[in-house]
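Fold and geometry: a report
The residues making up each chain are set out below.
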Amino acid sequence: TLGFLPAGPSATATPPHHTVSVADLRGPTEPAPGGTVKRYALSARQAEITLASGRKVAAWTFDGQVPGPALTATEGDLVEVRLTNVDIPDGVTLHWHGYDVRNGEDGAPGVTQDAVRPGEEFVYRFRADQVGTYWYHTHQVSDRGVRLGLYGTLIVQPRSPLSGTDLTVPVHTFGGALAIGTHDGMADNPQPPGASVRLRLINTDNTPHRFTLSGTSFRVVAADGNDLNGPGEVREVALRIAAGARYDLAFTMPSGPVALRIDDRAVGLALSPGPHPDTSAWPELDLTSYGTPTGGSDLQARPDKDFTLVLDRGLALVDGKPAYAQTVNGKAHPNIPDQVVAEGDLVAFTVVNRGLETHPWHLHGHRVLVLAKNGRLVTGSPLLLDTFDVRPGEVWRVAFRASNPGVWMNHCHNLAHADQGMALHLVYQ
Ligand code: C2O
Ligand code: CU
């Protein structure tokens, strides 16, 4: 592999071809008025963990557990996380997936900081100003690190708390076994009829997963932490959640059996006992036509900067020699030209998948508005995402306002693909 974001030379100095000094772009040190400081300490270390099936697996963990500690905050808080690396040989960082932190807090080794080596620490700070469902993970040799367990959930609640049951469901694969948290089976979390339930589905794997919720209608109330407008009730549909992406579902418990299934297997969450139907024939819900439009957005205007990313697998120069790689416009990291923007620019980009594999595209530090998919304009709710699945043959067009200066990764969130070259930088000039 190319060694995506190798341990490499110091990142605290600006990479040579970049003109912005990321070391100065650190987060705030005070909460917003009325907020508090939420302090966490995470220690990265190797540990043996036990899956619900009883199987023991060797893992890389935060605080000896997988997922790592559930981080929570309330809108307005200052979140401060002290990361210590005990014995992760590759080094470790924390990337706040989907959270638009200041650039110096982004945890991209070789770009915004050096990886934290065994015996070292790094303190991250950001303001909890985005309500919703997020996750964190190491970004150092991230394919291996995340696969082995260096990830956890980050939930930010609004100032006036949501009522009802709030369940976070991070899905991960350990050596072929699909697990929710570390429950590799149909976990029980019975809820009484009439209870209002919010399920926060998080895909921490490299491939998409198909989720079905049987026995009830529900609404998809948020995608990637962003509320959807006018989400209607649906039932007997499947949700295909991209690698790295999150959907929040809301519903009221009926009196019959309700279950969440992943990939139509009996892996999931039983919310009430009973026979659960076969869901394998249920059609997929397409979020680009779900919900209610709100009228125009200034992000639909003519962009100041416009980029096209053609994704494929093919020969590219790797360490100066031609080799097979996951490519963007025929090139592999670090040879893909930067996307250079100025603060305030309206930036649009089109992602075209000419390959045979799905590429979940992820931009750091910004949420993008989906403008069109396969040439069709989004007809439902405005759809703001940080990760979107570009399947073979698909074309996605997205836009954002350049409002978070720095140097940001823009990459495939199949982290193995990123490792094999499918990653570039968005650079503020
Ligand atoms: Cu969730 Cu660059 O990553
Ligand atoms: Cu990919």
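Residues numbered from 1 in each chain as written. Chains lettered and ligands numbered in written order. Predicted model: local features only at pLDDT ≥ 70, side-chain atom pairs only at ≥ 80, totals over all residues.

1. Topic: the overall build of the protein
Across its full length, the protein holds two helices and 31 strands. Expected size for 429 residues packed as a compact globule is a radius of gyration near 22 Å; at 21 Å, the protein falls within 12% of this value. Over its C-alpha atoms, taken along the principal directions, the protein stretches across nearly 60 × 50 × 50 Å. Expressed as a percentage of its 429 residues, the buried residues of the protein come to 47%. For the protein, the proportion of contacts with a sequence separation of at least 24, taken over those separated by at least 6, is 76%. (Helix = DSSP H or I, 4+ residues; strand = E, 2+ residues; numbered from the N terminus. Rg over C-alpha atoms; globule rule 2.2 N^0.38 Å. Buried ≥ 20, exposed ≤ 12 C-beta atoms within 10 Å, placed from the backbone. Contact = placed C-beta atoms within 7 Å.)

2. Comments concerning the environment of Thr-216
Residue placement: Thr-216 occurs in the loop between strand E13 (209-214) and strand E14 (219-223). Residues Thr-216 and Thr-358, 142 residues apart in the sequence, show an inter-C-alpha distance of 30 Å. Each residue touching Thr-216, except ones within four places of it in the same chain, is listed here: Phe-251, Pro-254 and Val-258.

3. Quick look at the pairing of strand E8 (residues 151-157)
Regular strands place their side chains on alternate faces of the sheet. Most of E8 sits out of view: six of its seven residues are buried. Both strand E3 (residues 71-74) and E8 contribute to a ladder of four bridges, which runs parallel. Looking at the pairing, Thr-74 lines up with Gln-157 of E8. As paired strands, strand E7 (residues 132-137) and E8 are joined by six bridges and run antiparallel to one another. Looking at the pairing, Gly-132 lines up with Val-156 of E8. (Pairing = 2+ DSSP bridges.)

4. A word on the environment of Arg-144
For Arg-144, the location among the structural elements is in helix H1 (residues 142-147). Arg-144 sits 106 residues away from Ala-250 along the chain, and the two C-alpha atoms are 33 Å apart.

5. Some points on the UniProt feature "binding site: Cu cation" (unreviewed entry) in the protein
The positions that UniProt labels "binding site: Cu cation" (unreviewed entry) are, in the present scheme, His-95 and His-137. Sequence-wise these annotated residues cover 43 residues; spatially they are packed, their C-alpha atoms never more than 5.4 Å apart. Residue His-95 is classed as buried on the basis of its C-beta count, with 25 C-beta atoms lying within 10 Å. Excluding its chain neighbours within four sequence positions, the residues that come into contact with His-95 are Asp-106, Gly-107, Ala-108, Tyr-136, His-137 and His-139. The topology assignment puts His-137 in strand E7. (UniProt positions renumbered as here; feature names shortened; annotations may be inferred.)

6. Some remarks on the sheet that holds strand E15 (residues 226-227)
In space, the six strands of this open sheet follow the order E10-E9-E12-E17-E14-E15, with mixed pairing throughout. At either margin of the open sheet sits one strand with a lone partner, and together these are strand E10 (177-180) and E15. Strand direction decides the pairing type here: E14 and strand E17 (residues 246-252), joined by four bridges, are antiparallel. By the bridge assignment for E17, Ala-222 is matched with Asp-248.

7. Overview of the domain arrangement of the protein
Bring the parts together and some accessible area is lost; that lost area is often taken as the interface size. When cut into domains, the protein gives domain 1 (22-157), domain 2 (165-285) and domain 3 (298-428). Centre-to-centre separation of domain 2 and domain 3, based on C-alpha positions: 28 Å. A class-by-class count of the residues in the side of domain 2 that touches domain 3 yields seven nonpolar, six polar and one charged. (Domains from an automatic or database assignment. Nonpolar A, V, L, I, M, F, W, Y, C, P; charged D, E, K, R; others polar.)

8. Focus: the nonpolar core
Grouped together as the largest cluster of nonpolar side chains are 108 residues, with contacts concentrated most on Leu-154 and Val-370. The element best represented in this core is strand E31 (residues 423-428), accounting for five residues. If we ignore the near neighbours within four places in the chain, the residues touching Val-370 are Thr-288, Val-378, Leu-383, Leu-385, Phe-388, Trp-396 and Val-398. (Core = buried A, V, L, I, M, F, W, Y, C linked by C-beta atoms within 7 Å.)

9. Section: the sheet that holds strand E22 (residues 339-341)
Sheet architecture is open: five strands sit in the order E22-E31-E30-E24-E28, paired in mixed fashion. Two strands bound the open sheet, and with one partner strand each, they are E22 and strand E28 (387-390). Looking at each pair of strands side by side, their axes are set apart by 20° on average, direction ignored. Relative to E31, E22 runs parallel, the two sharing three bridges. Within E31, the residue paired with Val-341 across the bridge is Tyr-428. (Axes fitted to C-alpha atoms, helices over the stretch in contact; angles between N-to-C directions.)

10. A closer look at the pairing of strand E30 (residues 407-412)
Burial of E30 is extensive: six of the six residues sit out of reach of the surface. Here strand E24 (residues 359-363) pairs with E30 via three bridges, running antiparallel. Looking at the pairing, Trp-361 lines up with Cys-412 of E30. Taken together, the five bridges between E30 and E31 define a ladder with antiparallel strand orientation. Bridge pairing in E31 links Asn-410 to Leu-424.

11. A word on the UniProt feature "domain: Plastocyanin-like" (unreviewed entry) in the protein
Taking the UniProt record as the reference, the feature "domain: Plastocyanin-like" (unreviewed entry) is found at residues 46-160, 192-254 and 326-428. The span residues 326-428 carries 5% helix and 50% strand; its end-to-end C-alpha distance comes to 25 Å.

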